[in-house]
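For reference, the chains in residue letters:
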Amino acid sequence: MLSKMLKVAGIFSEAFRDAVLFLRFNSYSPFVDPSRRAFYKIIIEAHTIEKGLSLPDPKPMFGKDKVRFVMAALSRYDIGHSPIPAHMSLGALDAYLNFHTRAGLSDPLLDEISVYLKAWEARLPRPWKGGTRDYSFQGQPLNSLQQLMASRSSIRTLRPTPLPPERVYEAIALAQLAPSQCNRQSSRVHAYQDRQRIQALLALQGGSRGFAESVGNLFVVSSEICAWGGPGQRNQAYVDGALFAMCLMFACRSMGWGACPLNLAIDHKTEDAIRRAGGIPAGERLIMMIAFGEPLAPDTKVAFSPRRPAAEIATLHA
Ligand SMILES: Cc1cc2nc3c(=O)[nH]c(=O)nc-3n(C[C@H](O)[C@H](O)[C@H](O)COP(=O)(O)O)c2cc1C
């Protein structure tokens, strides 16, 4: 009895310490190095531009506020911290400019971007790793895990046709090869092919704006909370669930489908609303959604999303 009470108290005290740690180090915290915070903020905003350009039919002059924000924030940023935000921003702005020039559009903001990019060329010479890149589902051998990993990208140009259920099960069975703590296998996956239900779920998610209409197959990955107990295991549903979700995305790629992870960085109210809309039991924690389907065309464009050099994120301890 006492040990159970201690566990309950531990859950509250760990939740409190989680909150303190998050407050101390989150992206709004004044106690975090400004360059570190600016690094993430610029990447996030530059990504909305590269993502906008990777949509099936980008809206002319979309995201003007984002464009202005990225230019202003990059001007204040110290590229000595890492040049990646500059590559992403300049590449995205360059692609934004080219997209509109090709469409024969003119706007004072486009002139501003052109002047801005010229000024940056001396500081960070082209080619900039940003904007969009060509992606093909054809001609890429997938004979090894390395090739499969290198060929996965978030695909936002999908065909809405529902995939055969036996193929969907095949992909899920592949994803079940993911490791899980003590082989608990607490991950769950809900698959949807009804267009109306998918639209209702995506409306609650929000991150698929601009391509939601083309989603005809959707996974919601969740994890059964009853697999976990005690304060130390409070985040394990997310760990196992995310490993499963990653394997599911690789499985989709191996089936020749496109897939796009969709965040569920949401509050409890929205999580409940998604559970209700998706018929998901109350005891499952939602991990993420994955839009998937046949690619709209074998050749497409994807957001560049460059990776940092490994040495920037790794610490090899003696
Ligand atoms: C947990 C998670 C949530 C994501 N949420 C979204 C989203 O809501 N909408 C979207 O278009 N892309 C989303 N993405 C895709 C990322 O933008 C993408 O993975 C990143 O830019 C790297 O590009 P890549 O997947 O093509 O390698 C998400 C990715 C992850 C891992």
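Residues numbered from 1 in each chain as written. Predicted model: local features only at pLDDT ≥ 70, side-chain atom pairs only at ≥ 80, totals over all residues. Heavy atoms only, no water.

Visitor: Describe the nonpolar core, listing the residues and the values that go with them.
Guide: Ranked by size, the top nonpolar core spans 32 residues in total, and within it Ile-49, Leu-90, Leu-93, Tyr-96 and Ile-113 carry the most contacts. Not counting chain neighbours up to four residues away, the residues in contact with Tyr-96 comprise Ile-49, Leu-53, Met-61, Phe-62, Lys-64, Val-67, Leu-110 and Ile-113. In this structure, Tyr-192, Val-215, Met-289 and Ala-291 belong to the second largest nonpolar core, which totals 23 residues. (Core = buried A, V, L, I, M, F, W, Y, C linked by side-chain atoms within 4.5 Å. Buried < 20%, exposed > 50% of the residue type's maximum accessible area, 1.4 Å probe, protein only. Contact = heavy atoms within 4.5 Å.)

Visitor: Please set out the layout of surface pockets residue by residue, giving values where relevant.
Guide: Counted as a void, the largest pocket has a volume near 1,500 Å³. Around the largest pocket, the lining comprises 43 residues; the ones closest to its centre are Ile-44, His-47, Thr-48, Lys-51 and Asn-263. Elements supplying a minimum of two residues to the lining of the largest pocket: helix H2 (34–53) and strand E4 (258–263). With 14 residues, H2 is the single largest residue contributor to the lining of the largest pocket. Looking at which domains feed residues into the lining of the largest pocket, each of domain 1 (34–130) and domain 2 (135–301) supplies at least three. (1 Å grid on protein atoms, 1.4 Å probe; cavity = no way out; pocket = protein on both sides within 12 Å on 5 of 7 lines; lining within 4 Å. Points joined across faces, edges and corners; volume = space filled by probe spheres on them. Helix = DSSP H or I, 4+ residues; strand = E, 2+ residues; numbered from the N terminus. Domains from an automatic or database assignment.)

Visitor: Which residues make up the sheet that holds E4, and what values go with them?
Guide: Strand order in the open sheet made by the four strands is E2-E3-E5-E4, with antiparallel pairing throughout. Because the sheet does not close on itself, it has two edges, and the strands there are strand E2 (187–192) and E4. Averaged over all pairs of adjacent strands, the angle between their axes in this sheet comes to 25°, without regard to strand direction. Sheet topology note: the strand E3 (residues 218–224)/strand E5 (residues 284–293) ladder contains seven bridges and is antiparallel. In the sheet register, Phe-219 faces E5, and the bridge partner there is Ile-290. In the packing of helix H10 (residues 268–278) onto the sheet, the strands contacted are E2 and E5, and the crossing angle to E5 comes to about 60°. (Pairing = 2+ DSSP bridges. Axes fitted to C-alpha atoms, helices over the stretch in contact; angles between N-to-C directions.)

Visitor: Explain the site of the ligand to me, using residue names and the numbers behind them.
Guide: Ser-154, Arg-156, Asn-263, Ser-305 and Arg-307 are the nearest of the 15 residues found near the ligand. Residue Ser-154 places a side-chain N or O atom 2.6 Å away from an oxygen atom belonging to the ligand. The side chain of Gln-205 places a nitrogen or oxygen atom 2.9 Å from an oxygen atom of the ligand. Burial of the ligand by the surrounding chains reaches 73%, relative to a free accessible area of 620 Å². Assessed atom by atom at 2 Å from the grid points, the ligand resides in the largest pocket. Those elements that provide at least two residues to the shell around the ligand are H2 and E4. Looking at which element gives the most residues to the shell around the ligand, the answer is E4, with four residues. (Near = heavy atom within 4 Å. Polar contact = N/O pair within 3.5 Å; in protein donor to acceptor, adjacent residues only side chain to side chain. Areas by Shrake-Rupley, 256 points an atom, 1.4 Å probe, with all protein chains shown as cover. Sits in = over half its atoms within 2 Å of the grid points.)

Worth remembering: the numbers are spatial, not functional.
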